[in-house]
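Each chain, written out:
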Amino acid sequence: MKRLLLCLNLIALLALFGCGDESTTTTTAAVTEATEQTTEVTTEVTSETEETTAATTEETTEATTEATTEEPKIKGVVVIDPGHQGHTDKTPEPIGPGAKKTIGIAGVGTCGVSTKTPEYELTLELSLKLRDELTARGYQVIMTRESNDVKVSCKTRAEIANDANADAFIRIHANGSENKKVKGCMTACISSKNPYQDEIHQDYEKSRLLSEKVLNSLVDSIHTKREGIFERDDLSGNNWAKVPTTLVEVGYMTNPEEDELMATDEYQKKIVDGLANGIDSYIEAVE
Ligand SMILES: [Zn+2]
C-alpha cells in the first residue's frame, strides 16, 4: 500500500517536473489516481485506530495484572550527560534558543594534573557507574553518550533530555583551575532570569532544588569543600533544556590530591552514591 502510494507520488512528481506538452495531461491522471488513493488511506487509518484502541485495552488489562504481581514502579526518568567527548569540533552552535553567542559543538574538557586522564574519560566512567546505581534503585536511565568516540553537542544533549521528558537531567563534569590548590565541588543551574527560557520554560525552582539536593548529598558522601550552587546562563546544555537540570563539577582535576582520588574505585563509588542520594532526595521532594 505504502509502496503503491510512493509510486503514485513519484509519477505525480515526474509529471509536475517533466518537460514537454504531455506533462499537463499526465498530471491530471496522476491527481485523479492520487485522489482515489486518499480514500483508501483514510479507510486504513480508521481501521488502524480501531486496532490501537484494542491494543490499549489489552495492554491496560496486562498492566493491571502485572501490578498485582509486584512489578516495580519506575521512580523516575533520569538523563545522565557525561561531560565532553574525545573529539574537538569548533563548529559554532548558539548557547541557547535565540542566542547570538555561540560555542563549539564538541570539546575534550580539562585534564588530570597527576593522572593525565582527560575529563571526558572520567565523566564517562562516573556516568556509567551512576547509570548502574540509578537503574538498581528503580530509575529509567538514558545516557547522552556511552562512548568517547562521538561528537554530541550540548544542544543535542539537552534535546535527548527534553525528548525523554526527564524528571532530572544530570550533567557530570570535573573542574579545572589555574590554581592547583583549589578543590571542592559545585553544581550549576540556570538563573531565574535566564534570557533563553521564553520558548523553553525550564522550571527554575526545580533546577535550583535539584542542584541543591545533589550538591548536599555529594558533599555528605565525599567530604570535600562545598563550593556552592552557581546560577549561570552561559551553559549551553542547561539553557537548551526544558526539564529540571543541574551540572555537577565533582572535583578539580587540576588539584593533584582530588585528581588522584577521583581515579580510584573507592572514591568514585562515593561520588556515585552521593549523586544518586541527591537524585533520590530531589525526586522525593517533588513527588
Ligand atoms: Zn567539563
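Coordinates for the structure precede this section.
Residues numbered from 1 in each chain as written. Predicted model: local features only at pLDDT ≥ 70, side-chain atom pairs only at ≥ 80, totals over all residues. Heavy atoms only, no water.

Undergrad: What am I meant to see in the coordination of the zinc ion here?
TA: Protein coordination at the zinc ion: the donors are His 84 (NE2), Glu 119 (OE) and His 173 (ND1), at 2.1 Å from the metal. Every donor residue of the zinc ion comes from the same chain, spaced as H-x34-E-x53-H. Remark: His 173 occurs in strand β5 (residues 168–175) and His 84 occurs in the loop between β1 (77–82) and β2 (89–94); sequence separation between them is 89 residues. (Donors = N, O, S within 2.8 Å, 3.2 Å for Na, K, Ca; no water. Helix = DSSP H or I, 4+ residues; strand = E, 2+ residues; numbered from the N terminus.)

Undergrad: Even after reading the chapter, I still don't get the sheet that holds β1, so can you show me in this structure?
TA: Strand pairing within a sheet occurs via backbone hydrogen bonds; the two strands may be parallel or antiparallel. Across the sheet, which stays open at both edges, the six strands sit in the order β4-β1-β5-β8-β6-β7 with mixed pairing between neighbours. Because the sheet does not close on itself, it has two edges, and the strands there are β4 (140–143) and β7 (226–231). Taking each pair of neighbouring strands and ignoring which way they run, the sheet shows an average axis angle of 20°. Note: β1 against β5, five bridges, orientation parallel. In the sheet register, Val 79 faces β5, and the bridge partner there is Phe 169. (Pairing = 2+ DSSP bridges. Axes fitted to C-alpha atoms, helices over the stretch in contact; angles between N-to-C directions.)

Undergrad: Just to check I follow, could you spell out helix α3 (residues 119–136) for this structure?
TA: Along an α-helix, a turn takes 3.6 residues, which lines up residues three or four apart on a common side. Along its 18 residues, α3 runs 26 Å from first to last C-alpha, staying within 8% of the 26 Å computed at 1.5 Å per residue. Those residues of α3 lying buried are Glu 119, Tyr 120, Leu 122, Thr 123, Leu 124, Leu 126, Ser 127, Leu 130 and Leu 134. Contacts made by the buried residues of α3 are with β1, β4, β5, β8 (245–252), α7 (256–262) and α8 (265–286). Positive phi shows up at Gly 138, right after α3, with a value of about 100°. (Expected span 1.5 Å × (residues − 1). Buried < 20%, exposed > 50% of the residue type's maximum accessible area, 1.4 Å probe, protein only. Contact = heavy atoms within 4.5 Å.)

Undergrad: Just to check I follow, could you spell out the pairing of β8 for this structure?
TA: If a strand is regular, its side chains alternate between the two faces of the sheet. Of all eight residues that make up β8, eight are buried, and the element is covered over most of its length. Pairing of β5 with β8, which is carried by six bridges, proceeds in the parallel orientation. By the bridge assignment, His 173 is partnered in β8 with Glu 249. Examined bridge by bridge, strand β6 (residues 185–189) and β8 share three bridges and lie antiparallel to one another. Across the sheet, the residue bridging to Thr 187 is Val 248, located in β8.

Undergrad: Looking at this structure, I do not really get the nonpolar core. What am I missing?
TA: Across soluble globular proteins, you tend to see nonpolar side chains buried next to one another. Counting 34 residues, the largest nonpolar core has Leu 134, Ile 170 and Ile 271 as the members making the most contacts within it. When contributions to this core are tallied by element, the ones reaching two or more residues are β1, α3, β4, β5, β6, α5 (204–222), β8 and α8. For Leu 134, the contacting residues outside a window of four places in its chain are Val 78, Ile 80, Tyr 139, Val 141, Ala 276 and Ile 279. In this structure, Val 79, Ala 158, Ala 161 and Val 243 belong to the second largest nonpolar core, which totals eight residues. (Core = buried A, V, L, I, M, F, W, Y, C linked by side-chain atoms within 4.5 Å.)

Undergrad: Which parts of the structure should I look at to understand the layout of surface pockets?
TA: Over the atoms, a rolling probe the size of a water molecule traces out where space has been left empty. One number sums up the size of the largest pocket: a volume of about 280 Å³. Put simply, the parts of the chain that give the lining of the largest pocket at least two residues each are β3 (102–106), α4 (154–163), β5 and α6 (236–239). Broken down by element, the lining of the largest pocket gets its largest block of residues, four residues, from β3. Each residue belonging to the lining of the largest pocket can be placed in one class, and the counts come to seven nonpolar, nine polar and five charged. (1 Å grid on protein atoms, 1.4 Å probe; cavity = no way out; pocket = protein on both sides within 12 Å on 5 of 7 lines; lining within 4 Å. Points joined across faces, edges and corners; volume = space filled by probe spheres on them. Nonpolar A, V, L, I, M, F, W, Y, C, P; charged D, E, K, R; others polar.)

Undergrad: Quick question: what am I supposed to make of the pattern of salt bridges here?
TA: It is possible for side chains bearing opposite charge to pair when their charged atoms get close. For the structure shown, the criterion picks out 14 salt bridges. For Asp 81, the salt bridge identified is with Arg 171, shortest N-O distance 3.1 Å. With Asp 81 in strand β1 and Arg 171 in strand β5, this residue pair connects regions lying 90 residues apart in the sequence. Judged by relative accessible area, which is 0%, Asp 81 ranks as buried. Judged by relative accessible area, which is 3%, Arg 171 ranks as buried. Among the salt bridges present, the one from Arg 137 reaches Asp 280, with a minimum N-O distance of 2.8 Å. Of the two residues, Arg 137 is situated in the loop between α3 and β4 and Asp 280 in helix α8; the sequence distance between them amounts to 143 residues. Like Asp 280, Arg 137 is buried. Each of Lys 75, Glu 133, Arg 137 and Asp 280 takes part in a single network of salt bridges with overlapping partners. (Salt bridge = Lys/Arg side-chain N within 4 Å of Asp/Glu carboxyl O.)

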